[in-house]
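# Per-entry structural report
Below, each chain spelled out in residue letters.
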Amino acid sequence: MSGGKRTIAVRFFGGAGNYTAVLEQLCKFVLTETPTEAAVLEWCQSNTRATSDDGIRRRLTFLDGIDLLDIETGQVRLTQRGMAWLSETDPAVLYDLLSSNVRGFETILEALLDGPKTDAELGDAIASAHPEVGWTDAAGPAQHRGWLQSLSYVERSNGVNSLTDSGRALARRRTSAYPSLERGESYAQAELEDAFDTSFGSYIKGINPRTTNEGELSYIIIKAREDGPYSDELDGERFTYIGEGVPEKGDQQATGANKALLEQTERSTAPVYFFYQPADSDELRYEGLVDVIAVEYVSRDGRMVYQFTMERLEIDPAQFEALSESVAADIEDDEPELTADEDEFTEVQRRVRSSAFPKTVTAAYDARCAICGNSRESPDGTIDIEAAHIYPKRENGRDTVRNGLALCRLHHWAFDTGWLAVSDDYRILVADRPDLEGYEEFAPLENEPLTLPADEEQQPHATFLAAHRDRHGFESP
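Read on for an overview of the structure. (Residues numbered from 1 in each chain as written. Predicted model: local features only at pLDDT ≥ 70, side-chain atom pairs only at ≥ 80, totals over all residues. Heavy atoms only, no water.)

## Examining the overall build of the protein
Looking only at helices and strands, the protein has 16 helices and 15 strands in total. Residues classed as buried in the protein amount to 47% of the 477 residues present. The long-range fraction of contacts in the protein, counting pairs at least 24 apart against all pairs at least 6 apart in sequence, stands at 62%. Carbon and sulfur atoms provide 42% of the accessible area of the protein, an area that totals close to 23,600 Å². (Helix = DSSP H or I, 4+ residues; strand = E, 2+ residues; numbered from the N terminus. Buried < 20%, exposed > 50% of the residue type's maximum accessible area, 1.4 Å probe, protein only. Contact = heavy atoms within 4.5 Å. Areas by Shrake-Rupley, 256 points an atom, 1.4 Å probe, with all protein chains shown as cover.)

## Digging into the pattern of salt bridges
One pass over the full model with this rule turns up 14 salt bridges. For the salt bridge of Glu314 with Arg183, the shortest nitrogen-to-oxygen distance reads 2.7 Å. With Glu314 in the loop between strand E11 (303-313) and helix H12 (317-329) and Arg183 in the loop between helix H9 (165-175) and strand E5 (186-187), the pair connects residues that are 131 residues apart, well separated along the chain. In this structure Glu314 comes out as exposed when scored by relative accessible area, which is 56%. Overlapping salt bridges bring together Glu37, Asp54 and Arg57 as one network. (Salt bridge = Lys/Arg side-chain N within 4 Å of Asp/Glu carboxyl O.)

## Let's talk about the nonpolar core
Residues Phe12, Leu23, Leu26, Leu63, Leu68, Leu94 and Trp147 are the most contacted members of the largest nonpolar core, which totals 45 residues. The element best represented in this core is helix H1 (residues 19-33), accounting for seven residues. Among residues more than four places away in sequence, those in contact with Leu63 are Phe12, Leu23, Leu26, Leu68, Leu69 and Trp147. One finds Ile331, Ala356, Ala388 and Ile428 within the second-largest nonpolar core, a separate group that totals 38 residues. (Core = buried A, V, L, I, M, F, W, Y, C linked by side-chain atoms within 4.5 Å.)

## What about the packing of helix H7 (residues 119-129) against helix H8 (residues 140-150)?
It is the contact of H7 with H8, at a shortest axis distance of 8 Å, that shows an interaxial angle of 100°. Relative to H8, the element H7 lies roughly perpendicular. Residues Asp119, Leu122, Gly123 and Ile126 of H7 form the contact with H8, whose participating residues are Pro141, Ala142, His144 and Arg145. (Axes fitted to C-alpha atoms, helices over the stretch in contact; angles between N-to-C directions. Parallel < 35°, antiparallel > 145°, perpendicular 65-115°, else oblique.)

## Observations regarding the environment of Asp67
By the element assignment, Asp67 lies in the loop between helix H3 (53-65) and strand E1 (69-72). Among the residues examined, Asp67 registers a relative accessible area of 31% and is labelled partly exposed. Measuring from C-alpha to C-alpha, the distance between Asp67 and Gly82 comes to 7.1 Å, with 15 residues separating the pair along the chain. Among residues more than four places away in sequence, those in contact with Asp67 are Thr79, Arg81, Gly82 and Leu97.

## Here's the deal with the state of the cysteines
Following the criterion strictly, the structure yields zero disulfides and no others. The cysteine Cys372 is free of any disulfide, with Cys369 supplying the nearest cysteine sulfur at 3.6 Å. Judged by its relative accessible area of 27%, Cys372 falls in the partly exposed class. (Disulfide = S-S within 2.5 Å.)

## A look at the side chain of Thr79
Structurally, the position occupied by Thr79 is in the loop between strand E2 (75-78) and helix H4 (80-88). In terms of polar contacts, Thr79 uses its side chain to reach the backbone carbonyl oxygen of Leu68, at 3.1 Å. In this view, Thr79 contacts Asp67, Leu68, Leu69 and Asp70; residues no more than four positions away in its chain are not counted. (Polar contact = N/O pair within 3.5 Å; in protein donor to acceptor, adjacent residues only side chain to side chain.)

## A short note on the side chain of Thr400
Mapped onto the elements, Thr400 comes out in the loop between strand E12 (386-389) and strand E13 (404-407). The class of Thr400 is buried, set by a relative accessible area of 0%. Setting aside residues up to four positions removed in sequence, Thr400 forms contacts with Val327, Asp330, Ile331, Arg353, Phe357 and Phe464.

## Some words on unusual backbone geometry
The phi torsion at Asn396 lies on the positive side, around 70°, for a residue other than glycine. Along the chain, Asn396 turns up in the loop between E12 and E13. What makes Asn396 partly exposed here is its relative accessible area of 25%.

## Overview of the environment of Ala257
Structurally, Ala257 is set in helix H11 (residues 256-266). Not counting residues within four places of it along the chain, the set of residues in contact with Ala257 comprises Ile207, Pro209 and Glu244.

## Structural notes on helix H5 (residues 91-101)
Taken as a whole, H5 has its buried residues at Leu94, Tyr95, Leu97, Leu98, Ser99 and Asn101. Capping of H5 at its N-terminal end is provided by Asp90; its side-chain oxygen lies 3.0 Å from the backbone amide nitrogen of Ala92.

## So, the packing of aromatic side chains
According to the stated counting rule, one finds 15 aromatic pairs in the structure shown. An angle of 70° between the planes, with centres 5.0 Å apart, marks the rings of Tyr19 and Trp147 as edge-to-face. Of this pair, Tyr19 sits in helix H1 while Trp147 sits in helix H8; the two residues are 128 residues apart in sequence, bridging distant segments of the chain. The pair formed by Tyr19 and Trp147 is uniform in burial state, with each residue classed as buried. (Phe/Tyr/Trp six-rings, centres within 6.5 Å; stacked < 30°, edge-to-face > 60°.)

## Let's talk about a negative patch on the surface
Together, Glu155, Asp165, Glu337, Asp341 and Glu344 make up a region of like negative charge exposed at the surface. Tracing the chain through its elements places Asp341 in the loop between H12 and helix H13 (347-364). (Patch = residues over 30% accessible without salt bridge, like charges linked within 9 Å, V, L, I, M, F, W, Y side chains within 5 Å. Lys, Arg positive; Asp, Glu negative; His and termini not counted. Charge placed at Lys NZ, Arg CZ, Asp CG, Glu CD.)

## Let's talk about the pairing of E11
When you tally the buried positions in E11, you get ten out of eleven residues, the bulk of the element. Relative to E11, strand E8 (residues 238-242) runs antiparallel, the two being bridged by five bridges. Within E11, the position partnered with Thr240 by the bridge is Thr309. Bridge count between strand E10 (residues 284-300) and E11: eleven bridges; the pairing is antiparallel. Paired with Leu289 across the strands is Leu313, a residue of E11. (Pairing = 2+ DSSP bridges.)

## Some thoughts on helix H6 (residues 105-113)
Buried within H6 we find Phe105, Thr107, Ile108, Leu109, Ala111 and Leu112. Count one or two residues on from H6 and you reach Gly115, which has phi positive near 140°.

Next up, the structure:
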């Protein structure tokens, strides 16, 4: 539209959170009838609460301005982009129309990434981000928020706005430095360096970890070569990948790139991009994200190598990050549900959260057993601490850090079998079975304090602890 973006959105019919339902009916009417503007005015008065022709015209002009409708010489038609939205009512299509033509939508998403905010606080964020427009309309933030609410990107409770899961994923995609890559497409090294804003040197190695300025793992790029030293099994959803190390230099070591993948297996939730290089090409074909789910240190061709088990993920990096973070942040209720909602996540989303659970829990406890406080490593450098569900996974227990404990193998077994439990004030309880072998070993732990995460929001929730005690016959302390 001429003159650049509008300053504010225009609210639509139906009330905040219901704009798109009414808009869909209007667009179907326009598509099937190709009506005059007068006929659209009549339709709006008959099918909405609108009574003012001027008010209806303002809304129609807004839809024309964002390229959803075309109003010319008194005739109203759907644009190509309007038909694209109506064909599937994909919220992403309508969001693109809104954000491309109106200031403030992306600002709201960025602001809500930092936490819940009122309409007034969202207005302040827009005013700060766009000082050139002299934002003064107190009703403007509510109109922006109403559209985002109707697209299911924002939810509102007690006057405070928050991002939904889909809103958080969208916000991260919009504000993220993640590259835009198409699965199945081939890329030259220079193109990948531009996409990731990094240099790989003279060539891209097999395992390429990248860190932030603060030294935290940001992402890993993995390349498998068709003519590589090991014929990695790359077919199917799950496959194996051999770690780095020149055969002439003996056994592979848990250092450098191998260490990054080992840590990914144990506790990190950074995205892992997987590429495949055919023998007859210098380009790399993008195969999508993978999750590193297991590692073995095995003998192969006369030396020890790391054999990583990987699983393909049909998901983009922003969604992966949001789902991984949700394991650490999805419980706010005083009495959370013990079990996961089967309809809350897709199969892939559940798999991502399930994979993120052990890594998130282990990291929260700094890779130390919550019961004995010890941290152990196997001779190959693998951390020997496990993540236990308090309310068990086999009973559909939730993949959230507050339903988890980091435990050594012994105490994981003892906790799962009912030798040990935890009180609401985080004291260790021991089953009163002095007649059984094992009691004398566990008895000294009675009433000892649990080793807890420093972050209170990652400490075990009383609902899960009580359910575990009840399952194993411990009396309420």
